[in-house]
Structure formats: structure tokens, C-alpha cells
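Okay, here's what each chain looks like letter by letter:
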Amino acid sequence: MTQRTRRSTLTLIAFTGVLAVAACAPSSDDDTSGSGGGDGKRTTLTVWSWRVEDEAAYNKIFDAYEAKNEGVTVDFKPFKATEYNKILATGLAGSDGPDVPQVRSYGQVEPTIASGALVPLDGKVDLSGWDENVVNSAKSKADGKLYSVPLARQTVQMFYNKGLFEKNGITEAPATWADFTAAGDKLLAGGVTPIAVGAKDDWTLPIVHEVLAAPRFGGAAFQKEVLSGQKSFTDPNFVASIDVFKQLTKYFPKNVTGVAVTDAQTLFSAEKAAMFPGGSFDMAVLKKANPGIDLGVFEVPAPAGSPEDKTTTPGWADGNFAVNSKSPHQEEALKLVTWMSTKEFGQMVADEVKQISAVPGVTYNDPLLKQMAENYEKNPSPYLLLTDFRYGTPSGTDLMGKGAQQLLLGSKTAAQVAADIDTGVKTWFKPTP
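Note that this is a predicted model, so its numbers are computed, not measured.

**Student:** Before we move on, could you go through the overall build of the protein chain and cite the residues and values that matter?
**Tutor:** Helix and strand content of the protein chain: 19 helices and ten strands. With the C-alpha coordinates of the protein chain rotated into their principal frame, the extents come out at 70 × 50 × 40 Å. By residue count, 56% of the 433 residues in the protein chain fall in the buried class. Contacts in the protein chain between residues far apart in sequence, at least 24 positions, make up 76% of those at least 6 positions apart. When the accessible surface of the protein chain is totalled, it reaches about 17800 Å², and 52% of it is carbon and sulfur.

**Student:** Outline the packing of aromatic side chains, supporting the account with residue identities and numerical values.
**Tutor:** Under the counting rule described, the total for this entry stands at 25 aromatic pairs. Plain terms: the ring middles of F62 and F76 are 6.2 Å apart, the flat faces sit at 45° to each other, and that makes the pair tilted. Here F76 lies in strand 2 (residues 72-78) and F62 lies in helix 3 (residues 55-68), a separation of 14 residues in the sequence. With respect to burial, F62 and F76 carry one shared label: buried. A network of ring pairs unites the aromatic residues F217, F222, F233, F238, F389, W428 and F429 as a single cluster.

**Student:** Mind laying out helix 19 (residues 414-425), listing which residues take part and the relevant values?
**Tutor:** Over its twelve residues, helix 19 extends 17 Å from the first C-alpha to the last, a length consistent with the 16 Å expected when each residue adds 1.5 Å. Along helix 19, the residues that are buried comprise A414, V417, A418, I421, D422, G424 and V425. In this fold, the buried residues of helix 19 make contact with helix 11 (236-248) and helix 18 (396-409).

**Student:** Help me get a handle on the environment of Q223, residues and values and all.
**Tutor:** As for its position among the elements, Q223 is in helix 10 (residues 219-228). A sequence separation of 165 residues divides Q223 from D388, and the C-alpha atoms of the two residues are 8.5 Å apart. Each residue touching Q223, except ones within four places of it in the same chain, is listed here: P382, L384, T387 and D388.

**Student:** Help me get a handle on the pattern of salt bridges, residues and values and all.
**Tutor:** Overall, the coordinates contain eleven salt bridges when judged by the stated rule. Note that E352 is salt-bridged to K60, the shortest N-O span being 3.4 Å. Residue E352 is found in helix 15 (residues 343-353), and its partner K60 is found in helix 3; the two are separated by 292 residues along the sequence. For K250, the salt bridge goes to D185, with nearest N and O atoms at 3.4 Å. Pair noted here: K250 is in the loop between helix 11 and helix 12 (261-269) and D185 is in helix 8 (residues 177-189), with a separation of 65 residues, a long-range link. The class for D185 is partly exposed, based on a relative accessible area of 36%. Members of the salt-bridge network, linked through shared partners, are R51, E53 and D54.

**Student:** Account for the pairing of strand 1 (residues 43-49), with residues named and values stated.
**Tutor:** Regular strands place their side chains on alternate faces of the sheet. Burial analysis of strand 1 places seven of its seven residues in the buried class, the great majority of the element. By the alternation rule, side chains of strand 1 split into T43, L45, V47 and S49 and T44, T46 and W48, which are all buried. Pairing analysis gives seven bridges linking strand 1 to strand 2, with the strands arranged parallel. Considered in strand 2, the bridge of L45 is made with V74.

**Student:** If you had to explain the confidence of the model for the protein chain to someone new, which residues and values would you point to?
**Tutor:** If pLDDT is low for a region, its predicted coordinates should not be looked at in detail. Summarising the model, the protein chain shows a mean pLDDT of 92, and 91% of its residues fall at 70 or more. Predicted confidence for residues 1-6 stays below pLDDT 50, and this span has ten contacts to residues more than four positions away or in other chains. The low-confidence segment residues 8-38 (pLDDT under 50) makes 66 contacts with residues lying over four places distant or belonging to another chain.

**Student:** Quick rundown of the nonpolar core? Include the residues and the values.
**Tutor:** The biggest cluster of nonpolar side chains holds 113 residues, and the ones touching the most others in it are F180, F233 and L336. Among the elements that take part in this core, helix 9 (residues 205-217) stands out by supplying eight residues, more than any other. Of all hydrophobic cores here, the second largest spans 14 residues; its members include F79, L92, L118 and A322.

**Student:** Please give an account of the environment of W48 that cites residues and values.
**Tutor:** Structurally, W48 can be placed in strand 1. By relative accessible area, which is 2% here, W48 ends up buried. Counting along the chain gives 300 residues from W48 to M348, while the straight-line C-alpha distance between them is 18 Å.

**Student:** Provide a residue-level description of the packing of helix 11 against helix 19, including the pertinent values.
**Tutor:** Two packed helices can be described by the angle between their axes and the distance between those axes. Contact pair helix 11 / helix 19: the axes reach a minimum separation of 8 Å and the direction vectors enclose 120°. Overall, the two elements helix 11 and helix 19 adopt an arrangement that is oblique. For the element pair helix 11 and helix 19, the recorded crossing hand is right-handed. Across from F238, V239, I242 and D243 in helix 11, the residues of helix 19 making contact are A414, A415, V417, A418 and I421.

Rules behind the numbers
Throughout this document, residue positions are counted from 1 along each chain, in the order its sequence is written. In keeping with the model being predicted, local features are shown solely for residues with a pLDDT of at least 70 and side-chain atom pairs are shown and tallied solely at 80 or more, while totals for entire chains, interfaces and linings include all residues. Side-chain measures were taken over the full set of non-hydrogen atoms in the model, leaving aside hydrogen atoms and water. Helical segments are the DSSP runs of H or I of at least four residues, strand segments are the runs of E of at least two, and each set is numbered from the N terminus. To sort residues, take the accessible area from a 1.4 Å probe on protein chains only and compare it with the maximum for the residue type: under 20% means buried, over 50% means exposed, and anything in between is partly exposed. Here a residue-residue contact requires only that any non-hydrogen atoms of the pair lie within 4.5 Å. Only the protein chains shown count as cover for residues, and all accessible areas are computed by the Shrake-Rupley method using a 1.4 Å probe. Planes of paired rings set the category: under 30 degrees apart is stacked, over 60 is edge-to-face and the rest tilted, where pairs are Phe, Tyr or Trp rings (Trp by its six-membered ring) whose centres lie within 6.5 Å. Multiplying 1.5 Å by the residue count of a helix minus one yields the expected span of that helix. Whenever Lys or Arg places a side-chain nitrogen within 4 Å of a carboxyl oxygen from Asp or Glu, that contact is recorded as a salt bridge. Between any two strands, at least two bridges found by DSSP are needed for them to pair. Across the chain, each position has a pLDDT score giving the predictor's confidence in that residue, from 0 to 100. Only buried residues count toward a nonpolar core. Its members are Ala, Val, Leu, Ile, Met, Phe, Trp, Tyr and Cys residues joined through side-chain atoms within 4.5 Å. Axis definition: a line fitted to C-alpha atoms, over the contacting stretch in the case of helices. Angles run 0 to 180 degrees between N-to-C directions. Roughly parallel covers angles under 35 degrees, roughly antiparallel covers those over 145, roughly perpendicular covers 65 to 115, and oblique covers all other angles. Whether a crossing is left-handed or right-handed is set by the direction in which the near helix is turned from the far one by less than a right angle, anticlockwise for left-handed and clockwise for right-handed.

Structure follows, in C-alpha cells:
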């Protein structure tokens, strides 16, 4: 059986018996007693991930690694994203987990670190010169140590259909808030839904909030102020940023709280909506759904009344790779994870996975990916409720998601939503002056 055939077979097993796979040994039927090299012995490293859609890309990436590391086979096993957390926790708790697990970031990786399942990487992997916001995603709040290597940077921005814009007399992306609302009015008049939002799925609403209103609450400047305790989520600018939902409701699909995010994507891909507020991870989905769409991206202009009249691209690290503390192949696993911090790996992530790499200095052949990466470099802002307010329950993103739904339904005001967020996070969050 060839290496690629073996991988495909294992992946088929993953789909037909996902929970059963969690109990399978991390090694294949190769001899894994050796440490690789030219002694005839082989080491198989298993890498688990929730990115089923990236399997072919990762197989290509790991083929390149194997070609330079004789005696090592990397077995990539993707699982359904909705089932992955449970599968990974089960695997790491026993002796049959992956050698290299893909782990969540920021607050979502904290429980995994607290369980002792991951090897500290301080002094073993060098991330100096990396974006601080990205590196923080891989560290523990409890001890400040590094436990993983960030894979990708996600950014949020407005996708738009250039053809629909032109058809409705909009010649370029809006440069001011007045341009933005004027474009919405023209699209409405032309029978086109201006902004495809799927508010039935509350998890997407904090993303929509960042796309539409990060400048309104102050972006990175507000992050520093709220983390230090100088401001809270009841700050008038933050309240006003939530109220942007209300201001723009007429541009959303009718009965928006009954529209799923997949419906919103379909509305945009079918060219019945002109804009879609989403993450860089949405690009491949939108292009696949309609390869002929003339897709563009832009930073939404600062809403009227913003602390600064400048655009911003919010971002965060998404998906990190770590070393399982119970792996029988610690040395080889660490070598693979260390390679994941190199420009060689980062470039392959950009070229094959079509993501904005966490590794500095990577170049992008895809023009949209390049534009999103450059926008973030020029005007970076943290996706605040994810990067800093997912370390406890209730999380900032959960509170914003539910609150924004209530706002759109008319059951709460922006001030009430902001107060709920402030009260909720203060049950566990303590500012650091």
C-alpha cells in the first residue's frame, strides 16, 4: 500500500467511524521503534486536525517534509470540526492520541494546556519577530509559557461583488461611511440585498460586528484601555458600535434572524446580495460556490462618530499545532512542529491551504489573499472578544452573538447588550492596570 493510499484509507475510516478512530494507536503498521534516519527504521507521526477540507493540501505539504526527513512518515487525519474537540480530548487523555494535535487558540486552548496534554515549547521554538497578537494565541494565561505554533492569521473584512457594484452604478469600493450607506441605498433601489448576513447563527454576529464597526469602538486602542481597566464595555463608543447593527438593518436580508450563515453565503454566491461580511477563511467557500464571481474585498470605512476616522482589519490566530506530552516520538514531533514555524512551511500554507500564514515574511500569489494580508499589516486590530475574552464563561463572543440577535429582534437596546457583555465577562475577567 502506498503512502498516499494509506492516508486515504485512514481518512475514510475517520469519516465512517470517527469516535472509534480516537481509540486507534497513533502509529501505522510501520516499525515506529526507531527515531528515523538511515537505519531502516521508520517513524510515523500522526497529525490530527479539524480541517477536513484541507486534507489534500496537507498531504502535499507533509510529502515535502518527508522528502527532506528520511525515515519519517506524517499521517494526517482530519475529523469533522463539530466533533473534533471531543475526539481530541479523548485521544489526549489516553495513550492513543496524535503525536501532533492541531489545537484551538487563545482561551479555547487553555483547558487543553491545563490538562497537561501539551509540551511547553519555550526555548525549543523561536517565534521572535512574530505578531504579538498571534503569539499570544499559543501561550497559556496561567503560566505565560508557549505551548503551540500558530498556523494561520484570519482577518475579517467585507467581500463584495464587483460586477453587481458596477451594474448598480457603484464604480469603486466605498471610501467613507457616507459612500458606504449610499452604496447600500443604490443596491436596494436596484433590487439587490446589499449585505448578506446570517443572524440565525449567533456565532457569526461578533464577526459581523468587527467588520462593520471595529473603528467605531476604537479597535486596538480600545483593547488596551479595556484590558487595563481604563474603560469597560459600557463605554459610549462600544455601545455605539453595537448600535451600527440597527443603523444597517435595512441593508440585511429580510427576517435576518431566520437566515443561516450558509444561506447568506448562498445569497452572495448566487449574486443576489452584493456584500458579505466574513473572514479570510470564507474566500475559498465563496469562490468554489461561484468560480465566475468578480470578487473583491475592502475595509468598511469608519462609521460616523468613530474615535478615529480610519479603517481597520481585525484579525486573530486560528489553529495551532502542538506536541502531545504522551507521544512516544517526542523528538520527531518537536522537529515537525519546529518546522511549522519556518518560512518554508508558512509559504506552503499560503500556496496550498490558501490561508494567511502566521509566519512573517510569506508572500501571496492570490491577489485577494495578498490584499487581506497587506490590509492587516497596515491597519491591524484584534478581534477583541475572541483574542482576550474567551478565557472564561460566559465568553465575550457568546454574549455578543446572543445580544446582537436580541438587538435585531428588538428585544434589547445596544446599551443593554453592552451592559450584558460587561457584566458577563466581569464574572471572570480581571483587568491588569
